[in-house]
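Observations on the three-dimensional arrangement
Here is how the chains run, residue by residue.
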Amino acid sequence: MYRQLFILFILCLNASSAMARSLPMSLDEAIALARVRSVDAAEALDELRTAYWEWRSYRADQLPELRFEATLPRYSKQYSAYMNELGNYSFVANNYLEAQGKLSLTQNVRLTGGTVSLSTSLDYLRQFGSNASNRFMSIPIALTINQPIFGTNHMRWSARIEPVRYSEAKAAFLSATEDVSRLAVQYYFSLLLSCENLSIAEQNLSNAEKLYIVAQEKREMGQISENDLLQMELNLLDARSAHTDCLSTQKADMFNLRSFLDLEQDVEIVPLIPDSVPQVTISFSDALDRALANNKFAKNMMRRQLEADYEVAKAKGNLREINLFAQVGYTGTDTRFNDAYRRLRSNQVASIGVSIPLLDWGKRRGQVKVAESNRRVTESRLRREAMNFNQELFILIERFCNQQSQLNIATRASEIALKRYDTNVQTYLIGRISTLDLNDSQTKKDTALRRYVNELYLFWSYWYQIRSLTLYDYLNHGDINADIERILKLQ
């Protein structure tokens with residue numbers, strides 16, 4: 001019984017292994033999948049979505065706001081203290097029902113930093129008891145102005161900062177997309193290199209087995225020494241060990257790329273070596289101009305400088321507070337609803353509020369000095385970050401330009417090493433070269449192929465890093481851009 005179950009388990013395991021799907025995949029296909037399905041791409045999109053709605057909220061704040069406020073209704077029946085003209089207190093009953101409604105249209109004024117509002121309202125009061133009565137009070141139209149004087153115009157500063165912040169967020173999303181591509185390149189070439197290493201290990205193992213059989217025959221005929229035979233057996237054992245290690249590494253890299261691309265676990269990715277690379281020439285000055293125009297770093301520097309200036313302006317504005325409030329309109333009151341809108345009388349309110357500290361022991365002046373010191377610190381940090389950014393970009397461009405020649409050298413070296421190894425295998429079979437020469441050619445062949453794959457990886461890694469920093473496609477000669485609103489609507 002147990003034996004039958006065990007056999008059934010083995011058959012199911014073999015069937016599931018046979019069901020594994022082989023998926024040949026190019027580098028471009030892996031990058032396209034990563035941009036759509038990877039967790040990193042989803043995280044970048046979520047950050048963009050947050051910035052987009054913050055921008056929408058800011059834009060909405062610049063538009064008129066229509067608001068309805070009401071108390072529908074409020075009933076009160078209670079006793080409250082009352083003082084008559086003689087100064088004596090007594091408690092009187094209060095029993096009434098009231099309702100209020102107000103419709104207002106408010107607009108923020110960017111130029112002055114104040115608000116302008118048009119409103120209309122109606123109040124209703126029903127008094128209960130022996131002297132029951134109704135009262136209506138209407139304000140058909142009222143114009144209200146609320147204006148800070150000598151203070152900080154927060155709306156004007158927001159109008160300078162928020163567009164830069166949103167532009168920074170869009171550039172950050174585009175850069176993050178290119179960073180996802182660069183990460184896909186890393187996972188892809190890790191798997192590609194491990195597959196090549198496994199292929200090399202399989203070929204070396206096959207050759208080692210054949211050469212060991214030939215060595216045994218030659219030893220029986222007395223053509224080689226016992227030491228050479230032992231050396232060939234040691235090569236065979238090393239080949240088997242290397243094959244096991246390469247197989248384990250290949251499975252791990254396969255799992256990493258598959259998880260990054262969000263593919264099913266039964267998919268066996270077969271990475272294809274890119275057959276060509278872009279032939280472009282990039283200068284540091286051109287890359288720097290593109291980066292300063294497009295990259296989030298330049299916009300981040302601008303935003304932080306503006307925010308530091310805003311903090312100084314806000315601290316200076318807090319030295320004194322003067323606020324102007326004015327309201328003009330008409331009002332009417334009567335016991336009947338219709339009559340409350342007749343015989344209207346003017347309704348005007350004006351006030352100027354002043355708050356000027358006479359003695360605060362230098363607290364507000366100190367806040368201004370702190371804000372100014374923080375601004376100088378920010379400016380120093382921005383200069384240092386700009387220097388580091390320029391240095392990193394310069395090094396990256398130099399490495400990329402050098403990488404094209406390194407890749408050409410590695411390609412030719414791999415071709416020569418492979419041809420030399422194939423020739424030495426045939427030469428060894430007829431006894432013209434020693435085991436040491438054969439081992440040397442095999443090592444050189446393996447090293448040359450690994451170097452070629454690694455140089456290819458470095459080229460594509462530099463390529464997408466440059467795209468991320470400059471947000472410029474040097475192959476198609478255009479800025480890297482995207483329809484942000486369309487992308488968000490598709491989600």
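Preceding this paragraph is the structure being described.
For clarity, every value in this text was computed on a predicted model and none was experimentally measured. Per chain, residues are indexed from 1 in the order of the written sequence. The predicted nature of this model means local features are confined to residues of pLDDT at least 70 and side-chain atom pairs, given and counted, to a pLDDT of 80 or more, with totals for whole chains, interfaces and linings taken over all residues. Side-chain figures throughout are based on the complete set of non-hydrogen atoms in the structure, without hydrogens or water.

Comments concerning the overall build of the protein
This is how the line gets drawn: Strands here are runs of E lasting at least two residues and helices are runs of H or I lasting at least four, both read from the DSSP assignment and numbered beginning at the N terminus. Each residue gets one of three labels from its accessible area relative to the maximum for its type: buried under 20%, exposed over 50%, partly exposed in between, using a 1.4 Å probe on protein chains only. Contacts between residues were defined by any pair of non-hydrogen atoms, one from each residue, lying within 4.5 Å. The method behind every accessible area is Shrake-Rupley, applied with a 1.4 Å probe, and residues are considered shielded solely by the protein chains displayed. Just so you know, the count uses Lys and Arg for positive and Asp and Glu for negative, and it drops His and the chain ends. Working definition for charges: the position is that of NZ of Lys, CZ of Arg, CG of Asp or CD of Glu.
Scanning the protein from N- to C-terminus turns up 10 helices and 10 strands. By its C-alpha atoms, the protein is 140 × 70 × 45 Å across when sized along the principal axes. Looking at the protein as a whole, 36% of its 491 residues qualify as buried. Long-range pairs, those at least 24 residues apart, make up 75% of the contacts in the protein between residues at least 6 apart in sequence. Element-wise, carbon and sulfur atoms account for 54% of the exposed surface of the protein, whose accessible area totals about 29,900 Å². Separation of charge centres in the protein, based on 58 positive and 57 negative side chains, amounts to 10 Å.

Quick notes on the pattern of salt bridges
Just so we agree on the cut-off: Counted as salt bridges are all cases of a side-chain nitrogen of Lys or Arg within 4 Å of a carboxyl oxygen of Asp or Glu.
One pass over the full model with this rule turns up 20 salt bridges. When the shortest N-O distance is used, the salt bridge between Glu-178 and Arg-467 registers 2.8 Å. Within this pair, whereas Glu-178 is found in helix 4 (residues 154-220), its partner Arg-467 is found in helix 9 (residues 435-470), the two being separated by 289 residues in sequence. Across the pair, Arg-467 and Glu-178 agree in class, each one buried. The salt bridge partner of Glu-415 is Arg-412, with a shortest N-O separation of 3.3 Å.

Topic: the packing of aromatic side chains
Which entries qualify depends on this criterion: To pair, rings of Phe, Tyr and Trp, with the six-membered ring standing in for Trp, must have centres within 6.5 Å; the planes then decide the type, stacked if under 30 degrees apart, edge-to-face if over 60, and tilted in the middle.
Applying the stated criterion to the full structure yields 19 aromatic pairs. With 5.3 Å between their ring centres and 75° between their planes, Tyr-52 and Trp-53 make a pair best called edge-to-face. Here Phe-136 and Phe-337 contribute two aromatic rings whose centre-to-centre distance is 5.9 Å and whose plane-to-plane angle is 80°, an arrangement assigned as edge-to-face. Taken as a pair, Phe-136 in strand 5 (residues 133-149) and Phe-337 in the loop between strand 7 (321-334) and strand 8 (345-355) lie far apart in primary sequence, 201 residues in all.

Comments concerning the side chain of Thr-470
The topology assignment puts Thr-470 in helix 9. Under the relative-accessibility criterion, Thr-470 is labelled buried at 0%. Apart from residues lying up to four places away in sequence, Thr-470 is in contact with Ala-287, Arg-290, Ala-291 and Asn-294.

Looking at the nonpolar core
Filter applied, for reference: What makes a nonpolar core is a set of buried Ala, Val, Leu, Ile, Met, Phe, Trp, Tyr and Cys residues whose side-chain atoms join them at distances within 4.5 Å.
Membership of the largest hydrophobic core comes to 49 residues, with the highest contact counts inside it found for Phe-189, Leu-261, Ile-269, Ile-282, Leu-393, Phe-400 and Trp-460. Looking at this core, the elements that each hand over two or more residues are helix 2 (27-37), helix 4, helix 5 (226-260), strand 6 (267-271), helix 6 (284-294), helix 7 (296-317), helix 8 (363-429) and helix 9. Top contributing element to this core by residue count: helix 9, with 10 residues. Leave out the neighbours within four places in its chain, and Ile-269 touches Leu-23, Met-25, Leu-191, Met-254, Leu-257, Arg-258, Leu-261 and Leu-263. Within the second largest apolar cluster, 15 residues are counted, among which are Tyr-58, Ala-159, Tyr-166 and Leu-174.

Some thoughts on helix 5
Selection criterion: Multiplying 1.5 Å by the residue count of a helix minus one yields the expected span of that helix.
Between its first and last C-alpha, helix 5 extends 51 Å over 35 residues, near the 51 Å set by a 1.5 Å rise per residue. With its phi angle positive at about 60°, Asp-262 sits one or two positions after the end of helix 5.

A word on the packing of helix 3 (residues 39-61) against helix 4
Basically, it comes down to this: Here, axes are lines fitted to C-alpha atoms. For helices the fit covers the stretch in contact, and angles between N-to-C directions go from 0 to 180 degrees. Each angle gets one of four labels, with under 35 degrees taken as roughly parallel, over 145 as roughly antiparallel, 65 to 115 as roughly perpendicular, and the rest as oblique. Any residue outside Ala, Val, Leu, Ile, Met, Phe, Trp, Tyr, Cys, Pro, Asp, Glu, Lys and Arg is labelled polar, Gly included; the first ten of those are nonpolar and the last four are charged.
Where helix 3 contacts helix 4, the axes come no closer than 9 Å and their chain directions differ by 170°. If you check the angle between helix 3 and helix 4, you find them roughly antiparallel. Mapping the contact onto sequence places Asp-40, Ala-41, Ala-44, Leu-45, Leu-48, Ala-51, Tyr-52, Trp-55 and Tyr-58 in helix 3 and Ser-158, Ala-159, Glu-162, Pro-163, Tyr-166, Ala-169, Lys-170, Phe-173, Ala-176, Val-180 and Leu-183 in helix 4. Along the lines of polarity and charge, the residues of the contact of helix 3 with helix 4 split into 16 nonpolar, 1 polar and 3 charged.

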